[in-house]
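Below, each chain spelled out in residue letters.
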Amino acid sequence: MADLYQQVRARTLEIVAPLEIEDYVVQTAEFMSPPRWHIGHTSWFFETVLQKYQTGYQTYSDEFLFFFNSYYEGFGPRIERPKRGTRSRPTVRETRRYREHIDEQMSRFIEQVAQRDDADTIFRIVRLGLEHEMQHQELLVYDIKHLLCDQFNAPIAPAPRAVETVTGMAEVEGGLFELGYSAGTDADEPPAGMRALPAFAFDNEKPAHRVFLEDFLIDRAPVSNGDYLKFINAGGYQDFRWWHSAGWERVNQDQWQAPLYWQQRDGEWMIRDFAGLHRVADKHNEPVSHVSFLEASAFAKWAGKRLPTEAEWEKAACGAPEPNSKQTFPWGDDAPDTSRGNLFESGLWSVAPIGAFPEGKSTYGCQQMIGDVWEWTTSDYAPYPGFKSEFDEYNDKWFVGQKVLRGGSFATPRRHIRSTYRNFFYPHERWMVGGFRCAKDA
Ligand SMILES: [Fe+2]
């Protein structure tokens, strides 16, 4: 646990390393948080662990508790989210000092935990803190993109090439399917030199339970920029027929004409990302990203299809060659690597071309289900039958009004993703790396 703690905490600082001091404090939209806030908030999370379990622990600063709490009612008053960028104090240097202080305390604390009777409980909450920090690493990528985009000096690795053409829809047989996480199905491969830790999954992925599926079809590849451009060029954003009422309202209210980060230059659609401004024509074979659920649904209706449910998505991803069995990842039970999917460690800071990871395909021939873009499903984010909350105010308080996304993105740490992972966002949100694939009744 001590090794994982160090590794995860160091990664956060690696992500922000190219930032200039001025970049840390600016909030470019209500939905994003300034990088300084993430650095402090992820430390605040561990300070709450120290406060609860380390006898004699002295709170670092009440002002920091106020500034770095996110939404936890149980931990007292906090600054409103849209105001995280309205203060220059605590300074970046003070926030880093706070982070170092928490790390020193936590390192000592973790060394002593094993001797305690409540060691299991504490290790579970420390592990949650690390998974929480990995979630914030991904949010940092979204927020830095919103803040700086191609002005950020991201350490971008060369992109892989498409080695296969991936088209059409896979046929998936219906029947009973076990949806959700069961213990022991986590690959959870430790990095070299580290001992394996118990498998981790969030409470919202449990318990595994049976659902009945009809036969269905699902796209073998995520919807591409090229596909999506056809929807735009066909007047998709001007035709109410494709949109939910809430979607049509957004289109008009926010003047949506294309995904976030798309812009027109001399009448041609361009996409801005960490690497610069590109013609859509040069990115037509990459998964579309930064679309909301509302846009994904409109595209699907226009295309004569629909979005998959999360159970359909999970079956298409994890169905094993033997009937009624399930594997951890689309390719089997091994942990993700560079050949199977585009996650944070690939270092692309962007989506990869469709057909770049044939080794990552599922039993049904679906590709890029893990990595690249979180995929919108039509499922509401709600508790599974038999759900038991394991962490106060972490997942269960969000069980209303949001949609489930599956599969992770290019900004998700490898160690953090599972096929059963349920991410959730509001239907109109699109600053995160959200894309989709379509489904159809058989
Ligand atoms: Fe958080």
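Data block above holds the structure.
Residues numbered from 1 in each chain as written. Predicted model: local features only at pLDDT ≥ 70, side-chain atom pairs only at ≥ 80, totals over all residues. Heavy atoms only, no water.

Taken together, His41 (NE2), His132 (NE2) and His136 (NE2) make up the full set of protein donors to the iron ion, lying 2.2 Å away. Counting residues between consecutive donors of the iron ion along the chain gives the motif H-x90-H-x3-H. Of the two residues, His132 and His136 are both situated in helix H5 (residues 119–147); the distance of 4 residues between them amounts to about one turn of the helix. Accessibility assignment for this pair places His132 and His136 in one class, buried. (Donors = N, O, S within 2.8 Å, 3.2 Å for Na, K, Ca; no water. Helix = DSSP H or I, 4+ residues; strand = E, 2+ residues; numbered from the N terminus. Buried < 20%, exposed > 50% of the residue type's maximum accessible area, 1.4 Å probe, protein only.)

Turning our eyes to something else, we now look at the environment of Pro427. When you line up the elements, Pro427 lands in the loop between strand S10 (423–425) and strand S11 (434–435). The spacing of Pro427 and Gly247 is 180 residues in sequence and 8.6 Å in space, taken between C-alpha atoms. Setting aside residues no more than four positions away along its own chain, Pro427 makes contact with Ser292, Phe293, Leu294, Trp376, Gly401 and Lys403. (Contact = heavy atoms within 4.5 Å.)

Attention now goes to the pattern of salt bridges. Working definition: two side chains of opposite charge can pair if their charged atoms are close together. Under the defined criterion, the tally for this structure stands at 32 salt bridges. Linking Asp273 and Lys283 is a salt bridge whose minimum nitrogen-to-oxygen distance equals 3.6 Å. Of the two residues, Asp273 sits in strand S6 (residues 268–273) while Lys283 sits in the loop between strand S7 (276–279) and helix H8 (293–302), which places them 10 residues apart along the sequence. On the accessibility criterion, Lys283 (12% relative accessible area) is buried. Put simply, Arg437 and Glu375 hold a salt bridge, and the shortest N to O gap is 2.7 Å. Remark: Glu375 occurs in strand S8 (residues 374–380) and Arg437 occurs in the loop between S11 and strand S12 (439–441); sequence separation between them is 62 residues. Like Glu375, Arg437 is buried. Put simply, Glu310, Glu314, Lys326, Arg406 and Arg422 are held in one network by salt bridges that share partners. (Salt bridge = Lys/Arg side-chain N within 4 Å of Asp/Glu carboxyl O.)

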